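Chain and residue survey
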Amino acid sequence: MSTSRASLWPKRFLRLLWRTTVLIACLLSIYTITIRFAIETFPNYRSDLERWISATLDVPVTIEAVSSQWDWLRPSITLHDIKINSESMEVSPELSELRIQLNILASVLSLEPKLGHFNLTGLKFVVEKKQDKLRLVGLPTETRGRVANHEVVTAQIWQFVN
């Protein structure tokens, strides 16, 4: 009787391992299909994205086009011709292309979307220095009573350039 129990243990373990593998593969397939569908429909939300960015920066922002693509296991979203519109400034910050890529593995492990990397192409802006502070011309210095985050980004860009 002990030999029959001993011979059943590997079979049970292999069956459990097989079922776990199939379950994980099914869950990853569902996750991938969901992300793929969401990425493909993302260009339909261009106006919502413009409103969200405009509200975040407190300046009007326009996006000419939004596209999405799926390269192997790397979904990406590309925003084309981003312009910050303000009547009070001579030079408006512009960006020809912003490509954001999702990191699938990190997203699966953390159960929330994680960015892999992003590329900026054709960035045009003017940096102004006043009272030992750097800022991007055209963006507000305060957003809803707090210091705007782009001042930190401007300082980091300035350190990179110098």
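Predicted, not measured: the structure shown is a model, and the values here were computed from it. (Residues numbered from 1 in each chain as written. Predicted model: local features only at pLDDT ≥ 70, side-chain atom pairs only at ≥ 80, totals over all residues. Heavy atoms only, no water.)

Considerations on the overall build of the protein chain
For the protein chain, the count of helices and strands is four helices and eight strands. Beginning at the N terminus, the succession of helices and strands in the protein chain can be written as α-α-β-β-β-α-β-β-β-β-β-α. Counting all 162 residues of the protein chain, 22% fall into the buried class. For the protein chain, contacts bridging at least 24 residues in sequence account for 40% of all contacts bridging at least 6. (Helix = DSSP H or I, 4+ residues; strand = E, 2+ residues; numbered from the N terminus. Buried < 20%, exposed > 50% of the residue type's maximum accessible area, 1.4 Å probe, protein only. Contact = heavy atoms within 4.5 Å.)

Comments concerning the pattern of salt bridges
All told, the structure shown has three salt bridges when counted by the stated rule. In this structure, the salt-bridge partner of Glu-50 is Arg-46, at a minimum N-O distance of 2.9 Å. Here Glu-50 and its partner Arg-46 are both found in helix H2 (residues 46–57), four residues apart, which amounts to about one turn of the helix. What makes Glu-50 buried here is its relative accessible area of 14%. (Salt bridge = Lys/Arg side-chain N within 4 Å of Asp/Glu carboxyl O.)

Structural notes on the nonpolar core
In terms of nonpolar packing, the biggest core is built from 17 residues, with Ile-35, Val-61, Ile-63, Leu-79 and Ile-82 touching the most fellow members. Of all the secondary-structure elements, those providing two or more residues to this core are helix H1 (2–41), H2, strand E1 (61–71), strand E2 (74–84) and strand E3 (94–102). Beyond its immediate stretch of four places on either side in the chain, Val-61 contacts Glu-50, Ile-53, Ser-54, Ile-82, Lys-83, Ile-84 and Asn-85. (Core = buried A, V, L, I, M, F, W, Y, C linked by side-chain atoms within 4.5 Å.)

Quick look at the sheet that holds strand E4 (residues 115–124)
The four strands lie next to each other as E1-E2-E3-E4, forming an open sheet whose pairing is antiparallel. The two strands at the open ends of the sheet, each matched to only one other strand, are E1 and E4. Sheet twist, expressed as the average angle between the axes of neighbouring strands with direction ignored, equals 15 degrees. As judged from the ten bridges shared by E1 and E2, these two strands associate in the antiparallel manner. Paired with Ile-63 across the bridge in E2 is Ile-82. In the packing of H2 onto the sheet, the strands contacted are E1 and E2, and the crossing angle to E1 comes to about 120 degrees. (Pairing = 2+ DSSP bridges. Axes fitted to C-alpha atoms, helices over the stretch in contact; angles between N-to-C directions.)

Comments concerning the side chain of Gln-101
By the element assignment, Gln-101 lies in strand E3. The buried category is assigned to Gln-101, whose relative accessible area is 9%. Not counting residues within four places of it along the chain, the set of residues in contact with Gln-101 comprises Arg-74, Pro-75, Ser-76, Leu-115, Gly-116 and His-117.

Focus: H2
Compared with an ideal rise of 1.5 Å per residue, which puts twelve residues at 16 Å, H2 spans 16 Å between its outermost C-alpha atoms and is within 8% of the ideal. Looking at H2, one finds that the buried residues are Leu-49, Glu-50, Ile-53 and Ser-54. Here the buried residues of H2 occupy an arc of 130 degrees about the axis, which is enough to place them on one side. Looking at H2, the residues exposed on the side facing more than 90 degrees away from the buried face are Arg-51 and Trp-52. Buried residues in H2 make contact with E1 and E2. (Expected span 1.5 Å × (residues − 1). Arc of directions from axis to C-beta.)

Regarding the pairing of E2
A loop of two residues connects E1 with E2, the two strands running antiparallel in sequence, and Trp-72 in this loop sits at a positive phi of about 55 degrees. Alignment of E2 against E3, held across seven bridges, turns out to be antiparallel. The residue bridging Lys-83 from the neighbouring strand is Glu-94, located in E3.

Section: a positive patch on the surface
A surface patch of positive charge is lined by Lys-11, Arg-12, Arg-15 and Arg-19. As for its position among the elements, Lys-11 is in helix H1. Since its relative accessible area comes to 54%, Lys-11 is described here as exposed. (Patch = residues over 30% accessible without salt bridge, like charges linked within 9 Å, V, L, I, M, F, W, Y side chains within 5 Å. Areas by Shrake-Rupley, 256 points an atom, 1.4 Å probe, with all protein chains shown as cover. Lys, Arg positive; Asp, Glu negative; His and termini not counted. Charge placed at Lys NZ, Arg CZ, Asp CG, Glu CD.)

The values are spatial; any link to function lies outside them.
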